Amino acid sequence: MRPLAFVFAMVAVVLAACTNTPPVPTVSTPAAQTTTTTIATPSQIVVSLDDISGGYNPHNLADLSTVTSALAQMLLPSVFRPADDGSLKLDENLMVSAEVTSQEPFTVSYEIRPDASWSDGAPIAVEDFAYLADAMKAEPGVADAAGYRLISGIQPGAGGKRLDVTFSKPYSGWQTLFDNLLPAHLLKDAPGGWQGALTDSFPAYGGPFSIKTLDKERGEIILERNERYWEKPAAVDRIVLRSSDQPGMVAALRSGNDQFALTSTDADGLQLFSDLGRDVQLHTVARTYLAEALLRPVGVLADDQVRAGVAALLDREKLIEAGTRGGASASLRANAQVLPPSARDYQPTIPDAGSPRTPQPRKAEQLLTAAGYEREGETWTREGEPLSIVVAAPGQREPYASVAEELARQLSEAGIKVTTLNPPARELFNTQLATPVNPQPPQSEQPEAQNGTTNVDIAVVPQSISNDPASTLASNFGCPAGWDAEPGAQTTPQVPVTTTAWCDRVLQATVETVLTGEEPLAEHLPSVESALWQSQVAIPLFQLADTIAIGPTVSGVTPGPAMSGPFSSAVNWTRAPR
């Protein structure tokens, strides 16, 4: 059969070749095609951070962190923002204008863009300004509150899109106010009030991004372009903030899975990132707060001699080493009380000799003996009771926990009984450090704070830094409202201005003078610095800093302006081909 079939086939070919009639065209049946919906892959930038857990309120000392700052800059509106040179510039994405319109009383008038709105459609308006101002004046544990406490009234106008803010005294640093506005219409009556605001997430957004998912268990926050944003839309569809350890960050940068990392490096971490070579740019990004040890003048440390004696036992260099571990913060030692190391006009003011520059055990012995203590065996006692100090840090948050552990070790070895506390950050700042301030503290011990919680003698915590140094001074070291009331006068209870629980009648006059701009801070800074060091209340250690490692697969990412950071330009970031 096969030879016969072959012959027929050959005949057909020959006949086809000999005829002028074209062959019948072959009609092919196409294969069945499956219709699929093509889903565009979003342009995405992945950022590695040490941690993404909250809270996320940028106005709470308890919530100060890299991720809180990042989210605030991408999600919340601000009246002024730092320019590249560090000066404050009106954010025209939100504002039409903001200017001083009267000197008596001192008044600043603000006009908000008519189209500026929260992601739920509610307008960004006067109530958001009033909500923030009221909270900053009344709540404990807030960062950089001094300027807000000068506000005496807010008058609305133009359907809530204009407001006149009057002040009890002139305030030259008014441009530092009303950053990171919060949605008052969603927060003012929310359960938990201000203390619960932004504990787990954001209820609405007023920036170029919005949160799609916030998964603390997975350590990931996914932000997407805010479709309700009224100004320039974000260049990328999505930004992913992902928590990782430093070896993981390095591996992800090397593979191109992550576009950049922002991390609190130690010496080993710096070396890991340096080994990535020239394709990865490394910069130091200073944060807006210092790590400090606060020797609060309450309880046993209300005695000036005891407080100075305890301070003289501390080895500040070892505290700094415990907190920085040779990382980026090690180059930002805070050797001044008011200006941070990253400030343009920063000058060290720490005394050349003695504490806190170096420990002085012999001086400590003299001071404690003068205060009525004696060394019995390995312990300092008075009337048979040991000298007992409570040292606290916010949770297990670093670098504060490590510094507190080293501080407790030093005091224990010096013969002081130490109790360490690591309460949740919000509990520490909003309750345990919110004790009343006494301008003339008693010499007797007070084992319990007046609010019924355990008294904290030494707190290792962040202290905020303002773009206005006078506000930094007043916010961290000023007296609370009503501090000058007559003894025994019935006054409305006031929250303390500072976490230090310190109020100095003599220094307060200078604090108020420089805050209102009546006299320049520079003229008084030498005497102010000297007084703060002598008080032995605050021992600044270092300014916190991150290392930013920028890979080759992203464009537009920079270390950012001073007091701002890289996320201020997130709206312009794009992916770059490798």
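Structural notes, computed from the coordinates. (Residues numbered from 1 in each chain as written. Predicted model: local features only at pLDDT ≥ 70, side-chain atom pairs only at ≥ 80, totals over all residues. Heavy atoms only, no water.)

### Observations regarding the overall build of the chain
Right, so step 1: Of the regular secondary structure elements, the chain holds 14 helices and 21 strands.
Right, so step 2: Here the chain holds 578 residues, and the buried ones make up 53% of them.
Right, so step 3: If you take every contact in the chain between residues at least 6 apart in sequence, the share linking residues at least 24 apart comes to 69%.
Right, so step 4: Roughly 26100 Å² of accessible area belongs to the chain as shown, and the carbon and sulfur atoms make up 50% of that amount. (Helix = DSSP H or I, 4+ residues; strand = E, 2+ residues; numbered from the N terminus. Buried < 20%, exposed > 50% of the residue type's maximum accessible area, 1.4 Å probe, protein only. Contact = heavy atoms within 4.5 Å. Areas by Shrake-Rupley, 256 points an atom, 1.4 Å probe, with all protein chains shown as cover.)

### Some details on the state of the cysteines
Right, so step 1: Under the defined criterion, the tally for this structure stands at one disulfide.
Right, so step 2: What pairs with C479 in a disulfide is C503, and their sulfur atoms sit 1.9 Å apart. Here the S-S torsion is close to 100°, and the disulfide linking C479 with C503 is therefore right-handed. Of this pair, C479 sits in the loop between α12 (469-477) and α13 (505-515) while C503 is found in the loop between α12 and α13, placing the two residues 24 residues apart along the sequence.
Right, so step 3: Since its relative accessible area comes to 5%, C503 is described here as buried. (Disulfide = S-S within 2.5 Å.)

### Comments concerning the packing of aromatic side chains
Right, so step 1: Under the defined criterion, the tally for this structure stands at 14 aromatic pairs.
Right, so step 2: Summarising the aromatic geometry, the rings of F106 and F167 are spaced 5.5 Å apart at their centres and angled 70° between planes, so their arrangement reads as edge-to-face. Of this pair, F106 sits in strand β5 (residues 106-112) while F167 sits in strand β7 (residues 162-167), placing them 61 residues apart in sequence.
Right, so step 3: On the numbers, 5.6 Å between centres and 55° between planes, the contact of Y110 with F129 is tilted. Here Y110, found in strand β5, pairs with F129, found in helix α3 (residues 126-138); they are 19 residues apart in sequence, far enough to count as distant. With respect to burial, Y110 and F129 carry one shared label: buried.
Right, so step 4: Members of the aromatic cluster, connected to one another through ring pairs, are F80, Y110, F129, Y148, W174 and F178. (Phe/Tyr/Trp six-rings, centres within 6.5 Å; stacked < 30°, edge-to-face > 60°.)

Don't take any of this as a statement about function, it's just geometry.
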